[in-house]
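Structural characterization, general
Residues per chain are reported as follows:
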Amino acid sequence: MRTFPGFPRSDNCPICNTNRDEECCLVPIFGTDKGDIMQAAPVHVDCIINNAMYSREANIIFIEGDVLYKINGCGGLEDEPC
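These lines cover the structure that appears in this document, whether it is placed above or below. (Residues numbered from 1 in each chain as written. Predicted model: local features only at pLDDT ≥ 70, side-chain atom pairs only at ≥ 80, totals over all residues. Heavy atoms only, no water.)

1. Examining the pairing of strand β5 (residues 60-63)
Sheet topology places strand β4 (residues 53-55) next to β5; three bridges connect them, and they run antiparallel. If you follow Met53 over to β5, its bridge partner there is Phe62. (Pairing = 2+ DSSP bridges. Helix = DSSP H or I, 4+ residues; strand = E, 2+ residues; numbered from the N terminus.)

Written out as structure tokens, the structure reads:
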């Protein structure tokens, strides 16, 4: 995952709701894909590292109930075809 040294002033991290000028990465926004293009939100790297949890039963990585990435080999929802 590519990271960036600063955080955009015009956005807030969806996890901590701040725009602290710290290292960030772009996380794809589910449902915004159009062909090979997808919208993304800047997220502090520390917020992901310090808050991400993995559920073996659900086979997902999540933060406070919000799915970050469904681990089924496709990156999509379980009922979507690969």
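2. Describing the sheet that holds strand β1 (residues 3-4)
Judged by pairing direction, the sheet is antiparallel, and its three strands sit side by side in the order β1-β2-β3 without closing on themselves. If you trace the sheet from one side to the other, it starts and ends with β1 and β3 (40-44), each paired once. Note: β1 against strand β2 (residues 24-28), two bridges, orientation antiparallel. Residue pairing for β2: Thr3 is matched across the bridge by Cys25.

3. So, the environment of Pro8
Along the chain, Pro8 turns up in the loop between β1 and β2. What makes Pro8 partly exposed here is its relative accessible area of 30%. Between the alpha carbons of Pro8 and Asn19 there is a distance of 7.0 Å; along the sequence they are eleven residues apart. If we skip the residues at most four places from it in the chain, Pro8 touches Asn19, Cys24 and Pro42. (Buried < 20%, exposed > 50% of the residue type's maximum accessible area, 1.4 Å probe, protein only. Contact = heavy atoms within 4.5 Å.)

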